[in-house]
Each structure stands twice: as C-alpha cells, then as structure tokens.
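The chain contents come next:
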Amino acid sequence: MKKRVVIKVGSLAVTNEAGGVSSVKIRALVAELLALREKGFAPILVSSGAINSGRALIKRPEEKKMMISFQQAAAAVGQPLLMRAYVDALEALGAHGAQILVTHEDFKERQRFLNIRNTINRLLENDVLPIVNENDTVSYAEITVGDNDQLAVMITEATDAEKLILLTEADGLFDKNPKEADARRFDVVDFREDFVGVKFAAKTSVGRGGMDTKLKAVRKLTPLGVDVCIGTFLAESPLSRLLSGTGGTLFKGNPDRQTSRRKSWLSTMVKNDAWVVVDEGCAGAMLKATTSLLPIGIRKVHGVFRRGDVIQVKHRNKTIAVGITEFDHRELALVMGKKSGEISALIENAPSKVAIHKDNLLIKADI
Ligand code: GLU
C-alpha cells in the first residue's frame, strides 16, 4: 500500500499576497503532489486560501463585528475559484481532484467521521486527489476547527496517515526569529522535546495559523507515532526537499505507534483554546488513579466549547489531561467549584454529575 501523507498548504502558498488565486503556485504544487505518487506516496491535501482568493470580491466592512460574515462570504466566493485552479492544474496533467469541506462537528459525530474516512479511502483508491478545507461559510466560534494546522491534524488521524507536512513561509523551527543572522534551524527534533524558550517569527497577516499552531499540531501527532515536517513553500520542489531531509525541520514521531483509535482521536480532537484549570487536590487525584473530573475541582473555565467537545485539563500552566466535556463552557462556569448535588439546581436537565467522565479522559502521561 502507498504511504499516506497529509500535506497542508497555507494561504500564501496558493494565493497572491494582494489576494486572489495564484495559478502559477497551484500548478507547481499539483505537479509535485502527482510526482509523489510515483515515489510510493498517497498524498492528501489540506488547502487554505479560500478567504484570500475571494476577499477582493467582497466589500470590506467598516465595523469589526462584521468581519466574520466578510470572511464567510469571501470564503464562499473564493473556494470555487481555488478549486477551479486546482482542477485545471490537475486536468492538464491527466488527473482529478475532489473537494471536501468540513467543520469540527463532522469529526465529533461517529457517522460523519466515518463518512469522511470512507470518502477519502475511496478517492485514494481511484487516484483522485482529496483537497480538504474548513467549510468557513457555516462555521462559527463553537463549531470551528479554527485553523487549518489543526484541521490537518484531524485529517491525519482520520486517514491513518504516517506523515504530516506543513508548508509555510518559515523553513521549519529556528532557535530564534529566523530573520536574525545567527538563527539556527533545528533539522530533526525528538517527539519528547518541548520548545520552551524558542522564539518564533511573527505570523503573516494572511491565514489563521502561525508557528504556534504548527507546534501544537506537532505536540498532538508526534506522541502518537506520526512524523511532522515543517518547511518553506518558497524553495524549489519543496515537498521532495522535505521528504529527503534537505531542509525544514523533521519532528520525529514516537517509534511506538499508538494503536488505540480512541486515544488517538481524543489526542487530536482536543480544541487548542478550550480548557479548565483544576486545583491541586483534583490534579493529584486525576494523576494518581484516573478518576472522573468533578466540577468541584475546577477553578477556571477558558474558551468557547460545546457539550461533547474534547477540552484540556490544566494545572500550573500544564495540560495534564484531555477529555470529552459533559457541559458547554457557560454551564461549566456556572457549576465550577460546586458539589455534584448542587448541579441540578443550577442547570436544567443537567446531562451528568461529572464534568468529564473517567472513560472519556486521557491522562497526558498515558499517551
Ligand atoms: N479556511 C481558511 C481559508 O481557506 C484558512 C484557515 C487557515 O488559514 O488556517 O482561507
């Protein structure tokens, strides 16, 4: 079987700085993706660029609160323009591509998740290139994936890919801002490494991610046994270059690949900006023997999330566990610090007496 590799391209890798699709960039990318097949890979593409492709065609709002609908409209007009460029480039080389638009919710519900998986499997069997993006037009705070680095993580897990390549401006991870003359690039990084003290280059103004969201992707996938490469799209043949290890940074996955589907799903679905902070006693109990997380141990609720989302459990600025929350962020803020017996008086039809059930909890050290 061909080795599955997910390639995520940032907006500027496929569009022009001033907005609009770049057919030149897309033609070069597509030619390289097709060449990967000859080398025994089955590429799956996660492509940003819808908003930047369409933004010149939608009037920019003056009010900040209109920005979301501006971006949604820009994505709605930009996505087909982006796809047209992909399809034209593929057809010119005798190949085909498929559009897959998803939101965070599609990975939460088992039936929808399986449909994404099965569709991508079928497309790969037929040598059709899957091209995935977030369905920006229908996503909003509670249900958005947020950025395509995270979407690429979820697609990598869903398709059992063994490698994720993040193509961006910066050529990997540097020990300081890469613009500084003596900045040193890390070639290979072990999955156990943390990156405390590393300074990143400023994120570009186009697209949502940055080095920070890329390292979050690395932290989610490498413990599971997936390799992640980060490198620049500005180099000649950027994909072959990264695959041959002649540029960028390779974050090596754990040699013991995680085989529990449930664990890998929990680790990759976790929302970057959603967490609760727990007190000392609660953290100690959870780490000693995996017990359910009770509202009484929660001190703080951060971010926007729904019932059934995977959120982080933090203590002293460290994520000690992740798990499926029984309550949304507003409900959890109401019941935090309260005894289980008090919950039903605070929330009508409360689904549970625990915040995260122990069966839905994954202690970080156990991954
Ligand atoms: N889905 C967005 C787009 O196509 C990009 C999100 C991101 O930059 O991560 O424009």
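For the structure, see preceding data.
The text that follows walks through the structure, step by step, so that each part is easy to find.

So, how was this worked out
Residues numbered from 1 in each chain as written. Predicted model: local features only at pLDDT ≥ 70, side-chain atom pairs only at ≥ 80, totals over all residues. Heavy atoms only, no water. Helix = DSSP H or I, 4+ residues; strand = E, 2+ residues; numbered from the N terminus. Buried < 20%, exposed > 50% of the residue type's maximum accessible area, 1.4 Å probe, protein only. Pairing = 2+ DSSP bridges. Axes fitted to C-alpha atoms, helices over the stretch in contact; angles between N-to-C directions. Near = heavy atom within 4 Å. Polar contact = N/O pair within 3.5 Å; in protein donor to acceptor, adjacent residues only side chain to side chain. Nonpolar A, V, L, I, M, F, W, Y, C, P; charged D, E, K, R; others polar. Phe/Tyr/Trp six-rings, centres within 6.5 Å; stacked < 30°, edge-to-face > 60°. Lys NZ or Arg CZ within 6 Å of the ring centre and 35° of its normal. Salt bridge = Lys/Arg side-chain N within 4 Å of Asp/Glu carboxyl O. Contact = heavy atoms within 4.5 Å. Parallel < 35°, antiparallel > 145°, perpendicular 65-115°, else oblique. Right-handed = clockwise from strand over helix to strand, strands pointing away.

## Comments concerning unusual backbone geometry
Thought 1: Of note in this structure, Ser237 is not a glycine but carries a positive phi near 40°.
Thought 2: Summarising the element assignment, Ser237 is placed in the loop between strand 7 (227–232) and helix 8 (238–243).
Thought 3: Take Ser237: its relative accessible area is 37%, and that puts it in the partly exposed class.
Thought 4: Even without being glycine, Asn317 reaches a positive phi, approximately 65°.
Thought 5: Looking at the element boundaries, Asn317 is found in the loop between strand 11 (310–315) and strand 12 (318–325).

## Focus: the sheet that holds strand 13 (residues 356–363)
Thought 1: Taking strand neighbours across the sheet as the criterion, the five strands line up as 10-9-11-12-13 in an open arrangement whose pairing is mixed. Of all strands in the sheet, those bounded by a partner on one side alone are strand 10 (298–302) and strand 13. Each strand axis lies, on average, 30° off the axis of its neighbour in the sheet, ignoring direction.
Thought 2: With four bridges connecting them, strand 9 (residues 275–278) and strand 10 associate as antiparallel partners.

## Observations regarding the site of the ligand
Thought 1: Around the ligand sit Ser48, Gly49, Ala50, Ile51, Asn133, Asp136, Asp147, Asn148, Gly207 and Arg208, and that is every residue in its neighbourhood.
Thought 2: In the model, a nitrogen atom of the ligand is placed 2.8 Å from a nitrogen or oxygen of the Asp136 side chain.
Thought 3: Taken together, the residues that form the shell around the ligand break down as two nonpolar, five polar and three charged.

## Comments concerning the packing of aromatic side chains
Thought 1: This structure, assessed with the given rule, holds one aromatic pair.
Thought 2: Across from the ring centre of Phe186, 5.3 Å away, lies the NZ or CZ of Arg184, which sits over that ring.
Thought 3: The positively charged end of Lys314 is found above the aromatic ring belonging to Trp275, 3.9 Å away from the centroid.

## So, the pattern of salt bridges
Thought 1: Per the stated rule, a full pass over the model turns up 25 salt bridges.
Thought 2: The shortest N-O distance in the salt bridge between Lys163 and Asp227 comes to 3.8 Å. With Lys163 in strand 5 (residues 163–168) and Asp227 in strand 7, this residue pair connects regions lying 64 residues apart in the sequence.
Thought 3: Taking relative accessible area as the criterion, Lys163 reaches 16% and is therefore assigned buried.
Thought 4: The partner of Asp187 in a salt bridge is Arg185, and the shortest N-O contact between them spans 2.9 Å.
Thought 5: The class of Arg185 is partly exposed, set by a relative accessible area of 24%.
Thought 6: Residues participating in the shared-partner salt-bridge network are Glu105, Lys108, Lys271, Arg306 and Asp309.

## Description of the side chain of Asp227
Thought 1: In this structure Asp227 comes out as buried when scored by relative accessible area, which is 16%.
Thought 2: A polar contact is formed between the side chain of Asp227 and the backbone nitrogen of Gly253, at a distance of 2.7 Å.
Thought 3: Excluding anything up to four places from it in sequence, Asp227 contacts Glu162, Lys163, Leu164, Leu250, Phe251, Lys252 and Gly253.

## A closer look at the packing of helix 5 (residues 110–125) against helix 6 (residues 148–158)
Packed helix pairs are specified by the crossing angle of their axes together with the interaxial distance, meaning the distance between the axes.
Thought 1: With their axes 10 Å apart at the nearest point, helix 5 and helix 6 run at an angle of 75° to one another. Looking at the two axes, helix 5 sits roughly perpendicular to helix 6. Residues Phe113, Ile116, Arg117 and Ile120 of helix 5 form the contact with helix 6, whose participating residues are Ile155, Glu157 and Ala158.
Thought 2: Counted by class, the contact of helix 5 with helix 6 contains five nonpolar, no polar and two charged residues.

## Topic: the pairing of strand 1 (residues 3–9)
It is a general feature of regular strands that their side chains alternate between the two faces of the sheet.
Thought 1: Within strand 1, six of the seven residues are buried, which leaves it mostly tucked inside the rest of the structure.
Thought 2: For strand 1 and strand 2 (residues 41–47), the ladder comprises seven bridges, and the chain directions are parallel. Paired with Val9 across the strands is Ser47, a residue of strand 2.
Thought 3: Since strand 1 and strand 2 lie parallel, the crossover through helix 1 (residues 23–38) that links them has a hand, and here it is right-handed.

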